[in-house]
Amino acid sequence: MTRIRSILLGAGTSLVLVLSACGNGPPPDQGTGGGGGGGGGGGARRSPAVTSGTAVSTVKETDDLKFDPASASVKVGDIVEWDNSGTTPHNVTFEAGVASPTMNGGDKFSMAKFAKAGTYKYVCTFHAPGMAGTITVG
(Lines give C-alpha, C1' and ligand atoms only; values in the text may rest on other atoms or scores of the structure.)
Protein backbone atom coordinates (compact mmCIF):
# COMPACT_ATOMS: atom_id res chain seq x y z
CA MET A 1 0.00 0.00 0.00
CA THR A 2 2.82 2.41 0.84
CA ARG A 3 4.51 1.67 -2.49
CA ILE A 4 1.28 2.43 -4.39
CA ARG A 5 0.94 5.76 -2.54
CA SER A 6 4.52 6.65 -3.42
CA ILE A 7 3.92 5.84 -7.08
CA LEU A 8 0.68 7.84 -7.17
CA LEU A 9 2.28 10.79 -5.39
CA GLY A 10 5.23 10.77 -7.82
CA ALA A 11 2.91 10.51 -10.84
CA GLY A 12 0.72 13.34 -9.54
CA THR A 13 3.71 15.59 -8.92
CA SER A 14 5.07 14.85 -12.41
CA LEU A 15 1.71 15.67 -13.98
CA VAL A 16 1.53 19.01 -12.18
CA LEU A 17 5.05 19.93 -13.32
CA VAL A 18 4.35 18.95 -16.93
CA LEU A 19 1.06 20.85 -17.07
CA SER A 20 2.53 23.97 -15.49
CA ALA A 21 5.27 24.03 -18.16
CA CYS A 22 2.84 23.69 -21.07
CA GLY A 23 2.04 27.37 -21.39
CA ASN A 24 1.51 30.67 -19.71
CA GLY A 25 -2.21 31.02 -20.33
CA PRO A 26 -3.92 33.44 -22.65
CA PRO A 27 -2.23 36.71 -23.57
CA PRO A 28 -3.14 39.63 -21.33
CA ASP A 29 -4.98 42.54 -22.89
CA GLN A 30 -2.73 45.54 -23.55
CA GLY A 31 -3.53 48.20 -20.98
CA THR A 32 -5.75 46.18 -18.62
CA GLY A 33 -3.42 44.55 -16.13
CA GLY A 34 -1.11 41.77 -17.16
CA GLY A 35 2.08 43.70 -17.57
CA GLY A 36 1.53 47.25 -18.80
CA GLY A 37 4.11 49.72 -17.68
CA GLY A 38 6.40 52.47 -18.72
CA GLY A 39 10.04 53.03 -19.26
CA GLY A 40 12.52 50.91 -21.09
CA GLY A 41 14.56 49.57 -18.19
CA GLY A 42 14.49 48.82 -14.53
CA GLY A 43 12.65 45.54 -14.99
CA ALA A 44 9.40 47.11 -16.19
CA ARG A 45 7.44 44.54 -18.15
CA ARG A 46 5.17 45.32 -21.05
CA SER A 47 3.08 42.99 -23.16
CA PRO A 48 2.46 43.25 -26.88
CA ALA A 49 -1.16 42.98 -27.91
CA VAL A 50 -1.97 40.03 -30.16
CA THR A 51 -3.58 41.30 -33.34
CA SER A 52 -3.63 40.88 -37.09
CA GLY A 53 -2.36 43.11 -39.87
CA THR A 54 0.68 43.50 -42.07
CA ALA A 55 4.00 42.71 -40.44
CA VAL A 56 6.88 45.16 -40.85
CA SER A 57 9.41 42.65 -39.50
CA THR A 58 9.59 38.85 -39.69
CA VAL A 59 11.57 36.68 -37.28
CA LYS A 60 12.32 33.13 -38.44
CA GLU A 61 12.36 30.20 -36.03
CA THR A 62 14.99 27.78 -37.30
CA ASP A 63 15.91 24.12 -36.93
CA ASP A 64 19.23 25.43 -35.54
CA LEU A 65 17.19 26.44 -32.45
CA LYS A 66 17.63 30.15 -33.06
CA PHE A 67 15.48 33.17 -33.79
CA ASP A 68 16.71 34.89 -36.95
CA PRO A 69 17.30 37.73 -36.39
CA ALA A 70 17.80 37.36 -32.63
CA SER A 71 17.15 41.10 -32.20
CA ALA A 72 14.83 43.34 -34.15
CA SER A 73 13.95 47.02 -33.85
CA VAL A 74 10.54 48.39 -34.74
CA LYS A 75 8.43 51.48 -34.09
CA VAL A 76 5.49 51.83 -31.71
CA GLY A 77 2.43 50.32 -33.40
CA ASP A 78 4.44 48.04 -35.68
CA ILE A 79 3.58 44.38 -36.10
CA VAL A 80 6.16 41.60 -35.91
CA GLU A 81 5.56 38.11 -37.29
CA TRP A 82 7.29 34.91 -36.19
CA ASP A 83 7.59 32.27 -38.92
CA ASN A 84 8.62 28.69 -38.17
CA SER A 85 10.68 28.16 -41.30
CA GLY A 86 11.95 24.74 -40.20
CA THR A 87 10.43 21.45 -39.10
CA THR A 88 11.14 21.65 -35.35
CA PRO A 89 8.20 22.81 -33.17
CA HIS A 90 8.74 26.17 -31.44
CA ASN A 91 6.78 28.84 -29.58
CA VAL A 92 7.23 32.50 -28.69
CA THR A 93 6.80 33.34 -25.00
CA PHE A 94 7.36 36.86 -23.66
CA GLU A 95 8.46 37.61 -20.09
CA ALA A 96 5.07 39.15 -19.33
CA GLY A 97 3.23 35.95 -20.26
CA VAL A 98 2.10 36.55 -23.84
CA ALA A 99 2.62 33.23 -25.62
CA SER A 100 2.02 31.82 -29.05
CA PRO A 101 0.61 28.35 -29.49
CA THR A 102 3.05 25.60 -30.45
CA MET A 103 4.21 26.39 -33.97
CA ASN A 104 5.01 23.46 -36.25
CA GLY A 105 6.94 23.82 -39.52
CA GLY A 106 5.33 26.45 -41.75
CA ASP A 107 3.21 27.97 -38.94
CA LYS A 108 3.22 31.69 -38.19
CA PHE A 109 2.54 33.45 -34.92
CA SER A 110 -0.61 35.56 -35.10
CA MET A 111 1.36 38.80 -35.28
CA ALA A 112 2.02 41.00 -32.28
CA LYS A 113 1.45 44.76 -32.28
CA PHE A 114 3.68 46.72 -29.93
CA ALA A 115 1.83 49.66 -28.40
CA LYS A 116 4.58 51.00 -26.11
CA ALA A 117 8.27 51.78 -26.49
CA GLY A 118 10.60 49.46 -24.63
CA THR A 119 12.50 46.20 -24.80
CA TYR A 120 10.54 42.96 -25.11
CA LYS A 121 12.45 39.76 -24.36
CA TYR A 122 11.09 36.39 -25.44
CA VAL A 123 12.12 32.73 -25.62
CA CYS A 124 11.05 29.47 -27.14
CA THR A 125 10.16 27.59 -23.96
CA PHE A 126 10.96 24.27 -25.65
CA HIS A 127 14.56 25.33 -26.33
CA ALA A 128 15.32 27.96 -23.65
CA PRO A 129 17.56 29.38 -22.45
CA GLY A 130 19.54 29.21 -25.70
CA MET A 131 16.68 30.15 -28.02
CA ALA A 132 15.94 33.74 -27.06
CA GLY A 133 15.25 37.02 -28.80
CA THR A 134 14.56 40.68 -28.21
CA ILE A 135 12.30 43.22 -29.86
CA THR A 136 13.27 46.84 -29.23
CA VAL A 137 10.42 49.28 -29.81
CA GLY A 138 11.40 52.92 -30.28
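A short tour of the structure in this document, coming up.

Criteria and thresholds
- Residues numbered from 1 in each chain as written.
- Predicted model: local features only at pLDDT ≥ 70, side-chain atom pairs only at ≥ 80, totals over all residues.
- Heavy atoms only, no water.
- Helix = DSSP H or I, 4+ residues; strand = E, 2+ residues; numbered from the N terminus.
- Buried < 20%, exposed > 50% of the residue type's maximum accessible area, 1.4 Å probe, protein only.
- Areas by Shrake-Rupley, 256 points an atom, 1.4 Å probe, with all protein chains shown as cover.
- Phe/Tyr/Trp six-rings, centres within 6.5 Å; stacked < 30°, edge-to-face > 60°.
- Pairing = 2+ DSSP bridges.
- Salt bridge = Lys/Arg side-chain N within 4 Å of Asp/Glu carboxyl O.
- Core = buried A, V, L, I, M, F, W, Y, C linked by side-chain atoms within 4.5 Å.
- Contact = heavy atoms within 4.5 Å.

Topic: the overall build of the chain
On a plain count of helices and strands, the chain comes out with 1 helix and 9 strands. For the chain, the α and β elements follow one another from N to C terminus as α-β-β-β-β-β-β-β-β-β. Looking at the chain as a whole, 30% of its 138 residues are labelled buried. When the accessible surface of the chain is totalled, it reaches about 7,700 Å², and 57% of it is carbon and sulfur.

Quick notes on the packing of aromatic side chains
A complete count under the given rule lists 7 aromatic pairs for this structure. Both rings, one in Trp82 and one in Tyr122, keep their centres 5.3 Å apart while their planes meet at 80°; by these two values the pair is edge-to-face. In this pair, Trp82 is assigned in strand E5 (residues 79-84) and Tyr122 in strand E8 (residues 118-123), connecting sequence segments 40 residues apart. As far as the burial class goes, Trp82 and Tyr122 line up, both buried. On the basis of an interplanar angle of 50° and a centroid distance of 5.4 Å, the ring pair of Phe94 and Tyr122 is categorised as tilted.

Notes on the pairing of strand E9 (residues 132-137)
The two faces of the sheet receive side chains in turn, since in a regular strand these alternate between them. The alternating pattern of E9 places Gly133, Ile135 and Val137 on a buried face, while none of Ala132, Thr134 and Thr136, on the opposite face, is buried. Bridging between strand E4 (residues 71-74) and E9 involves 4 bridges; their strand directions are parallel. Directly across from Val74, in E9, lies its bridge partner Val137. Of the strand pairs in this sheet, E8 and E9 are connected by 6 bridges, and their pairing is antiparallel. In the strand pairing of E9, Gly118 is matched with Val137.

Some words on the pattern of salt bridges
In this structure the tally under the stated criterion is 1 salt bridge. Across the pair Asp83 and Lys60 runs a salt bridge, and its minimum N-O distance is 3.1 Å. Here Asp83 is found in strand E5, whereas its partner Lys60 is found in strand E2 (residues 57-61), with 23 residues between them in sequence. Note on Asp83: relative accessible area 10%, which makes it buried. Classification of Lys60 as partly exposed rests on a relative accessible area of 32%.

Details of the sheet that holds strand E6 (residues 93-94)
Judged by pairing direction, the sheet is mixed, and its 4 strands sit side by side in the order E4-E9-E8-E6 without closing on themselves. Sheet topology places E4 and E6 at the edges, where each strand pairs with a single neighbour. Where E6 meets E8, 2 bridges bridge the pair, whose relative direction is antiparallel. Bridge pairing in E8 links Phe94 to Tyr122.

Side note on the nonpolar core
For soluble globular proteins, nonpolar side chains are generally found buried alongside one another. One finds Phe67, Trp82, Phe94, Phe114, Tyr122 and Ile135 to be the most contacted residues of the largest nonpolar core, which totals 18 residues. Elements with a contribution of two residues or more to this core: E4, E5, E8 and E9. Leave out the neighbours within four places in its chain, and Ile135 touches Val59, Ala72, Val74, Val80, Trp82, Phe114, Gly118, Thr119, Tyr120 and Tyr122.

Brief notes about unusual backbone geometry
In this model, Asp68 is joined to Pro69 through a cis peptide bond whose omega is 5°. Inspection of the secondary structure puts Pro69 in the loop between strand E3 (67-68) and E4. Cis geometry is adopted by the peptide bond preceding Pro129, which originates at Ala128 and carries an omega value of 10°. As for its position among the elements, Pro129 is in the loop between E8 and E9. Unusually for a residue other than glycine, Leu65 sits at a positive phi of about 60°. Relative to the assigned elements, Leu65 resides in the loop between E2 and E3. In this structure Leu65 comes out as partly exposed when scored by relative accessible area, which is 35%.

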